[in-house]
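For reference, the chains in residue letters:
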Amino acid sequence: MQPGFQEKPTIRLLRHGEAVPYGLLLLADPSREMIDSYLPLSETRVALLGDRPVGVYVLMPLGKEAAEIKNIAVDPMHQGKGLGKLLLADATEAAKKSGFKTLAIGTANTSVGQLCLYQKQGFELDSINKGFYLRHYPAPLFENGMQCKHLLMLVKQL
Ligand code: COA
């Protein structure tokens, strides 16, 4: 753990009936409609400081062999302290335990920090879904001074 966390966050499954941390999920995916489409098909894990959610990821099976992290986010107050890496490591272990052989994660052509993080954590560029953000989001999205157009899929062998 890098400096910044006095107490290490605990990561656990979001329990049935617990509040969904939409504030965090919307940091990674601006469409509530998209989020609500994959949440029921997935397992959601939260990182807690005390009982406050400070991080989240959503793991969705793509079949028997493959799973995808559909959403991962850390509270802006706690970004850059290593929690994103912890969440990716936790997702990798959870996917392995469930018997999946590969773990995928998608990000935009504009998400340069995320692309660095995912590759440092063992994900490799696998495919490009050209025009994904133009087709699936009604309003144009911008990040780092560029328009989000394409979805880059990265895959890690487990
Ligand atoms: N160039 C090089 N490396 C970069 C980088 C850049 N531009 N931006 C980030 N990184 C690297 C850091 O160097 C660090 O790796 P290191 O410790 O080996 O140096 C790593 O990425 C960041 O790690 P960490 O502190 O664990 O990440 P985090 O807790 O900030 O969480 C996100 C990362 C993406 C989950 C978080 O920033 C977030 O919630 N962002 C908003 C939501 C989002 O974009 N989600 C992903 C959608 S695809």
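The structure under discussion appears in the preceding block.
Residues numbered from 1 in each chain as written. Predicted model: local features only at pLDDT ≥ 70, side-chain atom pairs only at ≥ 80, totals over all residues. Heavy atoms only, no water.

Participant: Could you clarify how one ought to interpret the pattern of salt bridges in this entry?
Facilitator: It is possible for side chains bearing opposite charge to pair when their charged atoms get close. Taken as a whole and assessed by the stated rule, the structure comprises six salt bridges. Between Arg 12 and Glu 18 there is a salt bridge, with its nearest N and O atoms 2.8 Å apart. On the basis of relative accessibility, which here comes to 29%, the residue Glu 18 falls in the partly exposed class. Note that Arg 52 is salt-bridged to Asp 75, the shortest N-O span being 3.5 Å. Highlighted residues: Arg 52 in strand E3 (residues 52–61) and Asp 75 in the loop between strand E4 (66–74) and helix H3 (83–97), separated in sequence by 23 residues. Exposure remark for Asp 75: the relative accessible area of 11% places this residue in the buried category. (Salt bridge = Lys/Arg side-chain N within 4 Å of Asp/Glu carboxyl O. Buried < 20%, exposed > 50% of the residue type's maximum accessible area, 1.4 Å probe, protein only. Helix = DSSP H or I, 4+ residues; strand = E, 2+ residues; numbered from the N terminus.)

Participant: Before we go on, may I ask you to explain the side chain of Thr 92 in this structure?
Facilitator: Looking at the secondary structure, you find Thr 92 in helix H3. Here Leu 88 takes part through its backbone oxygen, which lies 2.8 Å from a polar atom of the side chain of Thr 92. Thr 92 has contacts with Leu 103, Lys 156 and Leu 158, leaving out every residue within four places of it along the chain. (Polar contact = N/O pair within 3.5 Å; in protein donor to acceptor, adjacent residues only side chain to side chain. Contact = heavy atoms within 4.5 Å.)

Participant: Quick question: what am I supposed to make of the state of the cysteines here?
Facilitator: In a disulfide, the sulfur atoms of two cysteines are covalently bonded to one another. In this structure the tally under the stated criterion is zero disulfides. Cysteine Cys 116 shares no disulfide, and the gap to the nearest cysteine sulfur, in Cys 148, comes to 16 Å. Residue Cys 116 is classed as partly exposed on the basis of its relative accessible area, which comes to 46%. Classification of Cys 148 as buried rests on a relative accessible area of 8%. (Disulfide = S-S within 2.5 Å.)

Participant: How do you make sense of the side chain of Thr 107 when you look at a structure like this?
Facilitator: Within the fold, Thr 107 resides in strand E5 (residues 102–108). Of the residues examined, Thr 107 reaches a relative accessible area of 6% and is grouped as buried. Side chain to side chain, Thr 107 and Ser 111 meet in a polar contact 3.4 Å long. Every residue in contact with Thr 107, bar those within four places of it in the chain, is listed here: Gln 114, Leu 115, Tyr 118, Tyr 133, His 150, Leu 151, Leu 152 and Leu 154.

Participant: How do you make sense of the sheet that holds E5 when you look at a structure like this?
Facilitator: In a beta sheet, neighbouring strands are held together by backbone hydrogen bonds and run either parallel or antiparallel to one another. The strand order across the open sheet formed by seven strands is E1-E2-E3-E4-E5-E9-E6, and the pairing between neighbours is mixed. Two strands bound the open sheet, and with one partner strand each, they are strand E1 (10–13) and strand E6 (124–129). Between one strand axis and the next, the sheet turns by 30° as a mean value, whatever way the strands run. H3 contacts E1, strand E2 (43–49), E3, E4, E5 and strand E9 (151–157) of the sheet and is inclined by roughly 35° relative to E3. (Pairing = 2+ DSSP bridges. Axes fitted to C-alpha atoms, helices over the stretch in contact; angles between N-to-C directions.)

Participant: Quick question: what am I supposed to make of unusual backbone geometry here?
Facilitator: Leave glycine aside and you will find that most residues have negative phi; peptide bonds, for their part, are mostly trans. Look at Asn 144: it is not a glycine, yet its phi comes out positive at around 50°. When you line up the elements, Asn 144 lands in the loop between strand E7 (142–143) and strand E8 (146–147). We classify Asn 144 as exposed; its relative accessible area is 51%.

Shape is all these values report; function is a separate question.
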